[in-house]
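The lines below spell out each chain.
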There are 2 protein chains.
Amino acid sequence: MTDLPTRVDIQEEGPREGFQIEPGPIPTADKIALIDALSATGLRRIQVASFVNPKLVPGWADAEAVVAGFTPRAGVEYHGLWFSPSGLQRALAFRDRLTIFGSITVSASEAFSRQNLNRDHAGQLEAMRKHVAAHQAAGVPVTRVSVQAAFGCNFSGDVPAARVVSVLAEALALAEETGCTIERASIADSMGWATPLRVERVIGAVRERWPALKLVLHLHDTRGLGIACALSGLRMGVSTFDAAVAGVGGCPFAAHPGAAGNIATEELVFLCEEMGIETGVKLEPLLEAATLAERIFGRRLPSAMIRGGGLDRHRVHAAA
Amino acid sequence: MTDLPTRVDIQEEGPREGFQIEPGPIPTADKIALIDALSATGLRRIQVASFVNPKLVPGWADAEAVVAGFTPRAGVEYHGLWFSPSGLQRALAFRDRLTIFGSITVSASEAFSRQNLNRDHAGQLEAMRKHVAAHQAAGVPVTRVSVQAAFGCNFSGDVPAARVVSVLAEALALAEETGCTIERASIADSMGWATPLRVERVIGAVRERWPALKLVLHLHDTRGLGIACALSGLRMGVSTFDAAVAGVGGCPFAAHPGAAGNIATEELVFLCEEMGIETGVKLEPLLEAATLAERIFGRRLPSAMIRGGGLDRHRVHAAA
């Protein structure tokens, strides 16, 4: 029990993940309302928009209007996502509202790299070299690496931990060559293949190789094991997690109609807080944001916590 | 990793749990079809009906017709549930189709005992003494004890592990006095208060006191932690779990509109099989049964696996 972290950082990805996959169109004002609701929960990092090709991801055609429209709150970092130089330029127009940093993204599955990134692995490394140069030319630090498909792939099957270590090593070598200081490495279960034991094996292998590297776990709850996998991540010393309010989201390129959202932020907060791990997030306003998300998306969202609610309300009642 | 069991027994409670809480009415033929579908999955224990007061639980007014109607399969035990002598008599009419045994049920929360069992704790122990006598008079062995509200209570708040140990001790003492041989003790999270650490604490305390007692964990996924709690149970050496196909069910007496079903059988099977723990259950026919349940219930059910599907189909595709 004692190897659990005492504090966990949660990176809220609900707006970016959620609005990218909904058939929509969802009004810009609703997207802004959800971001503002999330800003009031104690979350300190919120990914608010995706600067991607609106022909490929029509849900983010209004990225500029959303980023211009939300009300920034002191102490909260707002992030964007982009993959191209033009996306970076679009983000840079909001230097005053967004915390802007670059990421080196690789895939542990060559097949997923071709599907999701449109390049084979060697091509992706070459593209990342140019990507880093574009960021550096714009004065933007590259501080993250991200390994996609780290636990398995719908196109190529199981992914060995050694493969995650080798592609991460290549990404970190590229970062070092190009003078980037990497602050965090994200290990992503892009297609919902993680199990608790796979998390232990992959995170264990990565931490053995790079004990001081700060890891982020990005989990999709495609098969109901998301929170159990997060627990394994916690036990392995991971202290930063991506999550999405109400469990929204899903990868549009996973070739899978059941592609599910990230683990639900409120379930992760509940897991942590009830086990004595501080998140800085207040559950009740977060549940209000999740309820708002359900209203905006217009359908029942995956999070059980939306209906289950927190325990403190029962404790207060019981103590009365 | 190595303290995980090599084999897990799953007790399917979907029919009993699910049909008790749906507003319905659900046609008897649909209930029978779901039981028959579950019989073909490799599950070896299925709770098929509840012989309770149809005024309180109208969804089980047709218990006799359901039990008379399903097609028993060799190697599968079919169970019923009852709380009164008249319920026992109704079950006994099906000695040829049901495996009939009695349970001593107590609650770790006095408040939940009053709500769910209609008696305080002392009254419940007295009632259980008569309950055992009624079973023995009918020649039915009493082989289980069950502790409800073992992790917390909507009416009285947190439940200490020591309280679970003390009520279980009383139930086991009653069993011994009355000459019952207890084969399994069920520890039930009746209202969705379990967290992975609470499971470790409660199961740890119980196993320390009774190292040889075979435990069953009964978990409701009210707040999204059900499978993570099951994982903690596995790590603590629990090798029998209740689960419900598609995650159906919920306690009608929990005074909670968000009362959720059991953990989904297919998510538990997936968790176990992908970690190398044998369940004897075949995932694909189980997913078909879950899809049938969703059709019968006429709404989107909680299980993510219904949409996510298994991994073997992707592995086959990847290997082709």
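From a predicted model like this one, the values you see are computed outputs, not experimental measurements.

The rules behind these values
Residues numbered from 1 in each chain as written. Chains lettered and ligands numbered in written order. Predicted model: local features only at pLDDT ≥ 70, side-chain atom pairs only at ≥ 80, totals over all residues. Heavy atoms only, no water. Helix = DSSP H or I, 4+ residues; strand = E, 2+ residues; numbered from the N terminus. Rg over C-alpha atoms; globule rule 2.2 N^0.38 Å. Buried < 20%, exposed > 50% of the residue type's maximum accessible area, 1.4 Å probe, protein only. Contact = heavy atoms within 4.5 Å. Pairing = 2+ DSSP bridges. Axes fitted to C-alpha atoms, helices over the stretch in contact; angles between N-to-C directions. Least-squares fit on C-alpha atoms with pLDDT ≥ 70 in both. Phe/Tyr/Trp six-rings, centres within 6.5 Å; stacked < 30°, edge-to-face > 60°. Buried area = accessible area lost by both parts, 1.4 Å probe. Salt bridge = Lys/Arg side-chain N within 4 Å of Asp/Glu carboxyl O. Domains from an automatic or database assignment. Core = buried A, V, L, I, M, F, W, Y, C linked by side-chain atoms within 4.5 Å. Arc of directions from axis to C-beta. Right-handed = clockwise from strand over helix to strand, strands pointing away. Parallel < 35°, antiparallel > 145°, perpendicular 65-115°, else oblique. Left-handed = near helix turned anticlockwise from the far one by under 90°. Nonpolar A, V, L, I, M, F, W, Y, C, P; charged D, E, K, R; others polar.

K.L.:
Explanation requested: the overall build of chain A in the structure shown.
P.N.:
Broken down by element type, chain A carries 13 helices and 10 strands. Radius of gyration (C-alpha) of chain A: 19 Å, near the 20 Å computed for a compact globule of 320 residues. Its C-alpha atoms put chain A at 65 × 45 × 35 Å along the principal axes. For chain A, buried positions account for 63% of its 320 residues. Considering only contacts within chain A whose residues lie at least 6 apart along the sequence, 76% involve residues at least 24 apart.

K.L.:
Would you take a moment to explain the sheet that holds strand S2 (residues 45-50) of chain B for this structure?
P.N.:
Backbone hydrogen bonds are what pair the strands of a sheet, in a parallel or an antiparallel way. Residue and element names in this part refer to chain B. Spatially, S3-S2-S1-S10-S9-S8-S5-S4 is the arrangement adopted by the eight strands of the open sheet, whose pairing is parallel. The sheet is open, and its two edges are formed by strand S3 (77-81) and strand S4 (102-107), each paired on a single side. With strand direction ignored, the average angle separating the axes of adjacent strands in the sheet is 25°. Both strand S5 (residues 142-148) and strand S8 (residues 184-189) contribute to a ladder of four bridges, which runs parallel. Residue Val 147 lies in a different strand from S8, and its bridge partner there is Ile 187. The sheet strands contacting helix H10 (residues 265-274) are strand S1 (9-12) and strand S10 (240-243), and the helix crosses S1 at an angle near 175°.

K.L.:
Would you take a moment to explain the relation of the copies chain B and chain A for this structure?
P.N.:
The pair of chain copies shares a relation made of a rotation about an axis and a shift along it. Once turned by 180° and shifted 0.0 Å along the axis, chain B lies on chain A with an RMSD of 0.0 Å. Taken together, the rotation and translation describe the operation of a two-fold axis. The rotation axis passes nearest to the C-alpha of B:Ala228 in chain B, at a distance of 2.0 Å. When you check the interface residues of chain B against chain A, 100% turn up at the interface there too, and the contact is symmetric in its surfaces.

K.L.:
How should the packing of aromatic side chains be read in this particular structure?
P.N.:
How two aromatic rings sit relative to each other is given by the distance of their centres and the angle of their planes. Residue and element names in this part refer to chain A. Summed over all chains, the structure comprises eight aromatic pairs over all chains. Relative to Phe 94, the ring of Phe 51 lies with its centre 6.4 Å away and its plane at 20°, an arrangement referred to as stacked. On the criterion of sequence distance, the pair formed by Phe 51 in the loop between strand S2 (45-50) and helix H3 (63-69) and Phe 94 in the loop between helix H4 (85-92) and strand S4 (102-107) is long-range, its members being 43 residues apart. Accessibility assignment for this pair places Phe 51 and Phe 94 in one class, buried. A network of ring pairs unites the aromatic residues Phe 19, Trp 60 and Phe 297 as a single cluster.

K.L.:
I tried to follow the interface of chain B and chain A on my own but got confused; where do I start?
P.N.:
Note on interface size: it is often stated as the accessible area lost on association of the parts. Opposite the 42 residues of chain B that make contact, chain A presents 43 residues. Surface buried jointly by chain B and chain A totals about 3,600 Å² across both partners, of which 65% is contributed by carbon and sulfur atoms. At the boundary of chain B and chain A, one finds six salt bridges. Across the pair A:Glu274 and B:Arg198 runs a salt bridge whose closest N-O atoms are separated by 2.2 Å.

K.L.:
Is there a simple way to explain the domain arrangement of chain A in this structure?
P.N.:
All names here are of chain A. As far as domains go, chain A holds domain 1 (1-100 + 277-320) and domain 2 (103-243). Averaged C-alpha coordinates put domain 1 and domain 2 at centres separated by 22 Å. Contacts between the two partners involve 22 residues from domain 1 and, on the opposite side, 20 residues from domain 2. Buried surface at the junction of domain 1 and domain 2, summed over both partners, amounts to about 1,700 Å²; 51% is from carbon and sulfur atoms.

K.L.:
Explain the nonpolar core to me, please; I cannot follow it from the model alone.
P.N.:
Inside soluble globular proteins, nonpolar side chains tend to come together where they are buried. In terms of nonpolar packing, the biggest core is built from 221 residues, with A:Leu168, A:Ile187, A:Leu268, B:Leu168, B:Ile187 and B:Leu268 touching the most fellow members. With residues up to four places along the chain from it excluded, the contact list for A:Ile187 reads A:Val147, A:Ala150, A:Phe151, A:Val164, A:Leu168, A:Val202, A:Ile203, A:Val216, A:Leu217 and A:His218.

K.L.:
How should H4(A) be read in this particular structure?
P.N.:
All names here are of chain A. Every buried residue belonging to H4 is among Gly 87, Leu 88, Ala 91 and Leu 92, and all of these are buried. Down the axis, H4 shows its buried residues gathered within 140° of arc, on one side only. Its buried side turned inward, H4 meets helix H6 (121-137).

K.L.:
Help me understand the pairing of S2(A), please; the structure alone is not making it clear to me.
P.N.:
In summary, the side chains of a regular strand alternate between the two faces of the sheet. Residue and element names in this part refer to chain A. Judged by how many residues are buried, S2 sits mostly within the fold: six of six residues are covered. Here two bridges tie strand S1 (residues 9-12) to S2, and the two strands are oriented parallel to one another. From the neighbouring strand, Glu 12 faces S2, where its bridge partner is Ile 46. Pairing geometry for S2 and strand S3 (residues 77-81), over five bridges, is parallel. Paired with Gln 47 across the two strands is His 79, which belongs to S3. Each parallel crossover has a hand, and the one from S2 via H3 to S3 is right-handed.

K.L.:
Is there a simple way to explain the pattern of salt bridges in this structure?
P.N.:
Where side chains of opposite charge bring their charged atoms close, a pairing between them can arise. All names here are of chain A. Tallying each qualifying case throughout the model produces 41 salt bridges over all chains. Among the salt bridges present, the one from Arg 16 reaches Glu 13, with a minimum N-O distance of 2.9 Å. Residue Glu 13 is classed as buried on the basis of its relative accessible area of 8%. Connected via shared salt-bridge partners are Arg 7, Asp 9, Arg 44, Arg 45, Glu 77, Arg 184 and Glu 278.

K.L.:
I tried to follow the side chain of B:Arg45 on my own but got confused; where do I start?
P.N.:
Residues and elements named next belong to chain B. The topology assignment puts Arg 45 in strand S2. Looking at Arg 45, the relative accessible area reads 13%, which means it is buried. The contact partners of Arg 45, leaving out residues within four places of it in the chain, are Asp 9, Ile 10, Gln 11, Glu 12, Val 76, Glu 77, His 79, Arg 144 and Arg 184.

K.L.:
Looking at this structure, I do not really get the sheet that holds strand S8 (residues 184-189) of chain A. What am I missing?
P.N.:
Residues and elements named next belong to chain A. Across the sheet, which stays open at both edges, the eight strands sit in the order S3-S2-S1-S10-S9-S8-S5-S4 with parallel pairing between neighbours. Looking along the sheet, the strands with just one partner apiece sit at the ends: S3 and S4. On average, each strand axis in the sheet is tilted by 25° relative to the strand beside it, whichever way the strands run. Both S4 and strand S5 (residues 142-148) contribute to a ladder of six bridges, which runs parallel. Looking at the pairing, Ile 104 lines up with Val 145 of S5. Along the sheet, helix H7 (residues 161-177) contacts S4, S5 and S8; its crossing angle with S4, the most-contacted strand, is approximately 145°. Its contacts with the sheet put helix H9 (residues 226-235) on strand S9 (215-219) and strand S10 (240-243), and the angle it makes with S9 is roughly 170°.

K.L.:
So what exactly am I meant to see when it comes to the packing of helix H6 (residues 121-137) of chain B against helix H7 (residues 161-177) of chain B here?
P.N.:
What describes two packed helices is the angle between their axes and the distance between those same axes. All names here are of chain B. For the pair H6 and H7, interaxial distance at closest approach is 10 Å and the crossing angle is 25°. By the criterion of interaxial angle, the relationship of H6 to H7 is roughly parallel. Handedness of the crossing formed by H6 with H7: right-handed. Only Arg 163, Val 167, Glu 170, Leu 174 and Glu 177 of H7 make contact with H6, whose side of the interface consists of His 121, Leu 125, Met 128 and Arg 129. Partitioned by chemical class, the residues of the contact of H6 with H7 number four nonpolar, one polar and four charged.

K.L.:
Please explain unusual backbone geometry as it appears in this structure.
P.N.:
Phi is mostly negative for residues that are not glycine, and the peptide bonds are mostly trans. Residue and element names in this part refer to chain B. A positive phi angle, close to 70°, is found at Asn 118, a residue other than glycine. Within the chain, Ala 246 stands out as a residue other than glycine whose phi angle is a positive 65°. With respect to the element layout, Ala 246 can be found in the loop between S10 and H10.

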